[in-house]
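Close look at the chain arrangement
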Amino acid sequence: MVDKLDPQSLTEKGKKLFASHKYTEAVRFFSEAVSAYEALGDVLNAAEARNNQSVCMLKSKNAQGALEALEGTEEVFRQAGDVERQAMTIGNQAAALEALKRIDEAVTAYEASARLFAEIGSGDMEAAVLQAAAELNLRKGKLMDYSISKLGSLSSVENPSFLDRVLKFFVKLFVR
């Protein structure tokens, strides 16, 4: 039995349920963890639990709830100087916005997330969110924006695949 007052136990239970693809049940545990962390005055862990809750909500097809769960979390991480979790939060917001078909806002959020990942030298994460932005631009028919985002994602990859290396070669060959 999970102690309802122990936020770490609630979080661990939520993570286990998430790993088992029981997203709706995981949401409940992360929500309880948020309340427990807030009761202890632990705003950073409460914000992290909100991030986890948001991901579970998105997986359970509740994009609006996912977006709402993230309200205020970016600012908590910004004030704490936790750039990595701030970037992840913005990326989660972008994913929720994408699911809500708010594509322009999603692209802007993905790009903001990528800038923060670049700031801390997390090239693979930067590349992943730039790739997501590129794909949204392509779907909207914004070929120039797609190209710019795609090229940015290629230059950020720390361990490029064979295809990435070929694309980089052609870019260097033809863009001067």
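Residues numbered from 1 in each chain as written. Predicted model: local features only at pLDDT ≥ 70, side-chain atom pairs only at ≥ 80, totals over all residues. Heavy atoms only, no water.

**Observations concerning the overall build of the protein chain**
- Looking only at helices and strands, the protein chain features 10 helices and 0 strands.
- Taken from N to C terminus, the helices and strands of the protein chain fall in the order α-α-α-α-α-α-α-α-α-α.
- Out of the 176 residues belonging to the protein chain, those deemed buried represent 40%.
- At a minimum sequence separation of 6, the contacts of the protein chain that also span at least 24 residues come to 46%.
- For the protein chain, the accessible surface area stands at approximately 10,000 Å², while carbon and sulfur atoms represent 56% of it. (Helix = DSSP H or I, 4+ residues; strand = E, 2+ residues; numbered from the N terminus. Buried < 20%, exposed > 50% of the residue type's maximum accessible area, 1.4 Å probe, protein only. Contact = heavy atoms within 4.5 Å. Areas by Shrake-Rupley, 256 points an atom, 1.4 Å probe, with all protein chains shown as cover.)

**Side note on the side chain of Asn 52**
- The topology assignment puts Asn 52 in helix α3 (residues 43-59).
- Non-local contacts of Asn 52, meaning those with residues more than four positions away in its chain, are made with Thr 11, Lys 15 and Phe 30.

**Some remarks on the pattern of salt bridges**
- Following the criterion strictly, the structure yields 6 salt bridges and no others.
- Several salt bridges converge on common partners, so that one network encompasses Glu 48, Asp 82 and Arg 85. (Salt bridge = Lys/Arg side-chain N within 4 Å of Asp/Glu carboxyl O.)

**Focus on the environment of Leu 40**
- The topology assignment puts Leu 40 in helix α2 (residues 23-40).
- A residue is classified by how much of its surface remains accessible, and Leu 40, at 62% relative accessible area, is exposed.
- Distance in space between the C-alpha atoms of Leu 40 and Pro 7 is 9.2 Å, their sequence separation being 33 residues.

**Structural notes on the confidence of the model for the protein chain**
- In the predicted model, the protein chain carries a mean pLDDT of 84, and the fraction of residues at 70 or more is 77%.
- No element of the protein chain has a lower mean pLDDT than helix α9 (residues 143-156), at 49, and none a higher one than helix α4 (residues 63-69), at 98.
- Contacts from residues 142-148, a stretch scored under 50 in pLDDT, to residues over four places away or in other chains number 8 contacts. (pLDDT = per-residue confidence, 0-100.)

**Some details on unusual backbone geometry**
- Residue Lys 61 is not a glycine yet carries a positive backbone phi of 70°.
- Tracing the sequence through the fold places Lys 61 in the loop between α3 and α4.
- If you check the backbone angles, Lys 101 has positive phi at about 65° while not being a glycine.

**Quick notes on the environment of Ser 9**
- The topology assignment puts Ser 9 in helix α1 (residues 7-19).
- As for Ser 9 and Phe 29, which are separated by 20 residues in sequence, their C-alpha atoms are 9.1 Å apart.

**Quick word on the nonpolar core**
- Cys 56, Tyr 110 and Leu 136 are the most contacted members of the largest nonpolar core, which totals 38 residues.
- Broken down by secondary-structure element, the contributors of at least two residues to this core are α1, α2, α3, α4, α6 (83-99), α7 (103-119) and α8 (123-139).
- Aside from chain neighbours lying at most four places away, what touches Leu 136 is Glu 98, Ile 103, Ala 106, Val 107 and Tyr 110. (Core = buried A, V, L, I, M, F, W, Y, C linked by side-chain atoms within 4.5 Å.)

**Structural notes on α7**
- With 17 residues, α7 should cover 24 Å at 1.5 Å per step; its first-to-last C-alpha distance of 24 Å lies within 8% of that length.
- Contact partners of the buried residues in α7: α6 and α8.
- Directly after α7, the chain includes Gly 121, whose backbone phi takes a positive value near 75°. (Expected span 1.5 Å × (residues − 1).)

**Here's the deal with the environment of Ala 95**
- Looking at the secondary structure, you find Ala 95 in helix α6.
- If we skip the residues at most four places from it in the chain, Ala 95 touches Leu 58 and Tyr 110.

**What to know about the packing of α6 against α7**
- In contact at an axis separation of 8 Å, α6 and α7 are set at 165° when each is read in the N-to-C sense. Judged by the inter-axis angle, α6 sits roughly antiparallel to α7. The chirality of how α6 crosses α7 is left-handed. Of the residues in α7, those touching α6 at Val 83, Glu 84, Gln 86, Ala 87, Met 88, Ile 90, Gly 91, Ala 94, Ala 95, Leu 97 and Glu 98 are Ile 103, Glu 105, Ala 106, Ala 109, Tyr 110, Ala 112, Ser 113, Leu 116, Phe 117 and Glu 119.
- Its residues placed into classes, the contact of α6 with α7 shows 14 nonpolar, 3 polar and 4 charged. (Axes fitted to C-alpha atoms, helices over the stretch in contact; angles between N-to-C directions. Parallel < 35°, antiparallel > 145°, perpendicular 65-115°, else oblique. Left-handed = near helix turned anticlockwise from the far one by under 90°. Nonpolar A, V, L, I, M, F, W, Y, C, P; charged D, E, K, R; others polar.)

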